[in-house]
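Here is what each chain is made of, one letter per residue.
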Amino acid sequence: MLASESKELYLSEFRRYRNNGATKNPPWLRQLRESAIASFQKLGFPTTRDEDWKYTSLDSITSVAFQRGNGVAKTVTADDISTLALADSARHRLIFINGQYFPHLSSLGALPVGIRVESIAETLQRNDDSLAPHLGRYARVREQAFVALNTAFMEDGAFVMVPKNCKLREPIHLIFVSLSNGESVASHPRSLVVVEDGGEARIVETYIGWGMGNYFVNPVTELVGGEGTLVDYYRLQREGIKGFHIGTLEVQLGRNCNLAAHAITLGGALVRNDVHAVLNGEGSECLLNGLYVLDGKQHVDNSTEIEHMKPKATSLELYKGILSGSARGVFNGKIMVHKDAQKTNARQTNKNLLLSADAMVNTKPQLEIYADDVKCSHGSTIGQLDRDALFYLRSRGLSRDDAQSLLTYAFASEVVARVKIDSMRQRLDDYLLTKFGRNQESKIQ
Amino acid sequence: MLEIKDLWAKVGDNEILRGINLNVGAGEVHAIMGPNGSGKSTLAHVLAGRENYEVTGGRVLYEGKDLLTMSPEARAREGVFLAFQYPVEIPGVSTTYFLKAAVNAVRKHRGLEELDAMEFLALIKEKMQLVEMDQALLNRPLNEGFSGGEKKRNEILQMAVLDPKLAILDETDSGLDIDALRIVASGVNALRNQDRAMIVITHYQRLLNYIVPDFIHVLYEGRIVKSGTRELALELEEKGYDWIKSQEQRSEIGDQRSEV
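Residues numbered from 1 in each chain as written. Chains lettered and ligands numbered in written order. Predicted model: local features only at pLDDT ≥ 70, side-chain atom pairs only at ≥ 80, totals over all residues.

We now examine the overall build of chain B. Looking only at helices and strands, chain B features 9 helices and 12 strands. Against the compact-globule benchmark of 18 Å for 260 residues, chain B has a radius of gyration of 19 Å, which places it among compact chains. Along the three orthogonal principal directions, the C-alpha set of chain B runs to about 70 × 40 × 35 Å. Once local pairs closer than 6 in sequence are excluded, the contacts in chain B between residues at least 24 apart make up 72%. (Helix = DSSP H or I, 4+ residues; strand = E, 2+ residues; numbered from the N terminus. Rg over C-alpha atoms; globule rule 2.2 N^0.38 Å. Contact = placed C-beta atoms within 7 Å.)

Now the structure itself:
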């Protein structure tokens, strides 16, 4: 199937949806969907001729007729999900399967008064208009084809609302499961996190895949932090080997807001992580902390854009990649400093470790600066394990494989160390040690 | 214990070792001195198994076995230890984790049970006293941000816990002030015994005031040109390496004449 035919399929699917599922939506949402599908019609799917998609071809997504609503979840238990999501100690969790909320698998402990953690579909059913001022206001529906597609079709996802000065320190886990047994399932999860002035929140979004079939998941999350907020946000991705994941995180930060957004990508066949952070208040601080660990034929594209709009904001970005097999990694990091954003402090680093001759990385850091009093730097590296370090470890009795896996683990540890949820950091540590340990066993055989 | 016979080695196109002969017996301490570029560190790394050195001739027997065909880790497990001149910094690996992995790799090979966390900590605490090392260093990434003295003490600590039969100390005195030198040397001396051989490589006589060797060899242009006892080191200090160089040049002229 050609990309143009695929586009037609989505458009005709929307025409059916408009007259069926979407009829119960409030007018503002119906309008939002209409303008989104119009944008999608205009934009079409990006191609490698687009600068932002130069190294990532979407043929494997546009050549398949992925269908919403396919595949029903009856075989999965909450424990299965928690284990795969590295979240077995999670007290608060919402579970979505193929984009739909599953209350009987979900659980919420006691939360501070005023905090809302619920499914967007539930909020809409209640005729509750809390979503209207935010939903679709930040994500770039007009410019990004996949955001437009998500906005046209979105049905469910998480709505987290932390009111003024309310502090939610326990992590909220939002777990999105794709379950496919060969039906080419599509889902467009949509989440909204609003943290009002002085509030604190810790959110973990996890994506996992289940079953043997292929699937396409196109999640969009809008995250808004008001003045003086503290937000710790994680996107952990463990899609299956036939999972296609195009994800978008759209962030809007106010004055003196402090955000850490972590992106840990371990799974998926073709993955794109778009992060767009707008630092729209003086003195805000933004940390983007990323790790991608790929092998086989995985293709993962991390595309981040930080916009400094106001003075005295700080952004710090560190993304690290470990690639083996014939995996392909792409890092596209843009920092834009607008003309009012004097005294900006921005630092961006991308480091890649290639463990095999066939693995490949394209890294493209970009700075665009329109203010004159700023401190900005960026750098990227692609390399192999340090030979001196390998020899040093082996000269102390460690086998070549043990030395390699220890150094590989050490390479990732700088990113993992910034994960503030103890149980998650521990799980990640275990995962990485086991993963590289397994690699060595297969090398020995 | 160690027999080096006519050992030749090169790095890239440079022939660095050009026929080394050396025998080291159990319990002996041999010092190898020589000017910069004479091949001292190359010899140390060739013995430890570094891959980018190419051995082009000769052989090395360690306890009767062919050392040069063994991997670096096999040599370490068999009891060869190299204290590095420049210990490598490894961010992300804690010193404790590294030491424990090393100790247990070596113990496993020697048919000993692996140490659990408690046993390991007890061993480390005991050995740390030898080099007066601060226990806080254990939780830090391996050698990262360690001072020159801390790195060298860490090397001797590793030597103490790995309990080698043959220890090669490569310029362990470099970058040390007099106090650190004294501590490191007393650590080394405490590890001297009748079963353990040591090769102490140094540019300066100074270290040999603290670690007194049984034999001294002078390495020049890839060969041992002079061997002797402690007095040789003092003579070298007095006359400088130029003394060796000029002697060598004379003998080369002599060689050419005899060829004619």
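What follows deals with the environment of Tyr234(A). Residue and element names in this part refer to chain A. Tracing the sequence through the fold places Tyr234 in strand β12 (residues 230–238). Given 22 C-beta atoms within 10 Å, Tyr234 falls into the buried group. The contact partners of Tyr234, leaving out residues within four places of it in the chain, are Ile203, Val204, Glu205 and His262. (Buried ≥ 20, exposed ≤ 12 C-beta atoms within 10 Å, placed from the backbone.)

For the rest of this paragraph, the subject is the domain arrangement of chain A. Residue and element names in this part refer to chain A. Each assigned domain of chain A is listed with its residue range as follows: domain 1 (3–281) and domain 2 (386–445). Between domain 1 and domain 2, the C-alpha centre-to-centre distance is 32 Å. Counting residues at the interface gives 7 residues for domain 1, matched by 9 residues for domain 2. (Domains from an automatic or database assignment.)

This brings us to the sheet that holds strand β3 (residues 100–101) of chain A. Residues and elements named next belong to chain A. The strand order across the open sheet built from 10 strands is β3-β2-β6-β9-β12-β14-β16-β18-β20-β22, with neighbouring strands paired in mixed fashion. Edge positions in the sheet fall to β3 and β22 (375–383), since each of these pairs with one other strand and no more. Those strands touched by helix α8 (residues 400–416) are β16 (285–294), β18 (314–323) and β20 (345–354), and its axis lies near 155° from that of β18. (Pairing = 2+ DSSP bridges. Axes fitted to C-alpha atoms, helices over the stretch in contact; angles between N-to-C directions.)

Our focus in this paragraph is the pairing of strand β6 (residues 80–83) of chain B. On a regular strand, each side chain points to the face opposite its neighbour's, so the side chains alternate between the two faces of the sheet. Residue and element names in this part refer to chain B. Burial along β6 is two-sided: the face carrying Val80 and Leu82 and the face carrying Phe81 and Ala83 are both buried. Examined bridge by bridge, β6 and strand β9 (residues 166–170) share 4 bridges and lie parallel to one another. Counterpart to Leu82 in the pairing with β9 is Ile168.

In the Ramachandran plot, Ser184(A) falls in the positive-phi region, its phi being about 50° despite a non-glycine side chain. Inspection of the secondary structure assignment puts Ser184(A) in the loop between β6 (172–179) and β7 (185–187). Since 17 C-beta atoms lie within 10 Å of it, Ser184(A) is described here as partly exposed. In this structure, Glu63(B) takes a positive phi of about 50° despite not being glycine. With respect to the element layout, Glu63(B) can be found in the loop between β4 (54–62) and β5 (65–66).

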